[in-house]
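So you can see what is in the structure, the chains are spelled out below.
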Amino acid sequence: MLDTNTLNFIYDNKIRLVSKLKNFSKKQIHLYITTVQQDEINKMMDDYKKRCINKIISIIGIRRVLTLSSIKAIDEPSKYEFISSNIGMYELVEDADLPFLANLQRYTASNPVGNTADLIILYTAIKKKMHYLITDNTSDFEPMLKEMSKFISNYLQVQKNYYLDYL
């Protein structure tokens, strides 16, 4: 799974990385983004950069996956609430996961920025059985991963953007 800042890293290093990642995505690895990252790209003010990043996604063959999220109890108050991606752009969370996801969504030590987007990206990567989440915001993701790993066994590793140089 690639974070949005990783797509910026690829853009900034396109001469070195695009052809290399294109070859890897055809043979050995699959690269993914969620609808959350695509939304962040679509909100970029620099139209040229936005077009280039979307072209890079296409050239490399980065796959888009639906996020795993949910809104619980729209009509009545609920003990568990977990904010969702856009309607039609997500798969439902497993009910057993809702209590700890709702807890992580709050501003806590394991989610110090209270970032729902990062939480959704991380949860999706775990549930889709991905091996790596590549981002320069490792300090945002690692505490949440540590907490999630108590409830969901996984093999996910959070790596810095420069990890792409060693693939």
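Only a predicted model underlies this, so the values are computations on that prediction, with no experimental measurement involved. (Residues numbered from 1 in each chain as written. Predicted model: local features only at pLDDT ≥ 70, side-chain atom pairs only at ≥ 80, totals over all residues. Heavy atoms only, no water.)

Caption draft 1: Quick look at helix α6 (residues 116-127). For α6, built from twelve residues, the straight-helix expectation of 16 Å at 1.5 Å per residue is met to within 8% by its first-to-last C-alpha distance of 16 Å. Extensive coverage of α6 is indicated by the burial of ten of its twelve residues. Of all the positions in α6, only Thr-116, Asp-118, Leu-119, Ile-120, Ile-121, Leu-122, Tyr-123, Thr-124, Ala-125 and Ile-126 are classed as buried. One or two positions beyond α6, positive phi appears at Lys-129, with a value near 60°. (Helix = DSSP H or I, 4+ residues; strand = E, 2+ residues; numbered from the N terminus. Expected span 1.5 Å × (residues − 1). Buried < 20%, exposed > 50% of the residue type's maximum accessible area, 1.4 Å probe, protein only.)

Caption draft 2: Representation of the confidence of the model for the protein in the model. Scored by pLDDT, the protein has a mean of 80; 71% of the residues are at 70 or more. Confidence drops under pLDDT 50 across residues 70-85; counting only partners more than four residues distant or on other chains, this segment forms 39 contacts. (pLDDT = per-residue confidence, 0-100. Contact = heavy atoms within 4.5 Å.)

Caption draft 3: Region of the structure containing the packing of aromatic side chains. Under the counting rule described, the total for this entry stands at two aromatic pairs. Residues Tyr-132 and Tyr-163 carry aromatic rings whose centres are separated by 5.1 Å and whose planes lie at 35° to one another, so their mutual orientation is tilted. In this pair, Tyr-132 is assigned in strand β5 (residues 132-134) and Tyr-163 in the segment after β6 (157-159), connecting sequence segments 31 residues apart. Taking 6.5 Å as the distance between ring centres and 90° as the angle between the ring planes, the aromatic pair formed by Tyr-162 and Tyr-166 counts as edge-to-face. Cation over ring: Lys-14 sits above Tyr-11, and NZ or CZ is 4.0 Å from the ring centre. (Phe/Tyr/Trp six-rings, centres within 6.5 Å; stacked < 30°, edge-to-face > 60°. Lys NZ or Arg CZ within 6 Å of the ring centre and 35° of its normal.)

Caption draft 4: Region of interest: the packing of helix α3 (residues 35-42) against helix α4 (residues 47-60). Closest axis-to-axis distance for the α3/α4 pair is 9 Å, and the angle between their directions is 150°. Taken together, the axis directions place α3 and α4 in an arrangement best described as roughly antiparallel. Listed contacts from α4 to Gln-38, Ile-41 and Asn-42 of α3 are Lys-50, Ile-53, Asn-54 and Ile-57. The class makeup of the residues in the contact of α3 with α4 is three nonpolar, three polar and one charged. (Axes fitted to C-alpha atoms, helices over the stretch in contact; angles between N-to-C directions. Parallel < 35°, antiparallel > 145°, perpendicular 65-115°, else oblique. Nonpolar A, V, L, I, M, F, W, Y, C, P; charged D, E, K, R; others polar.)

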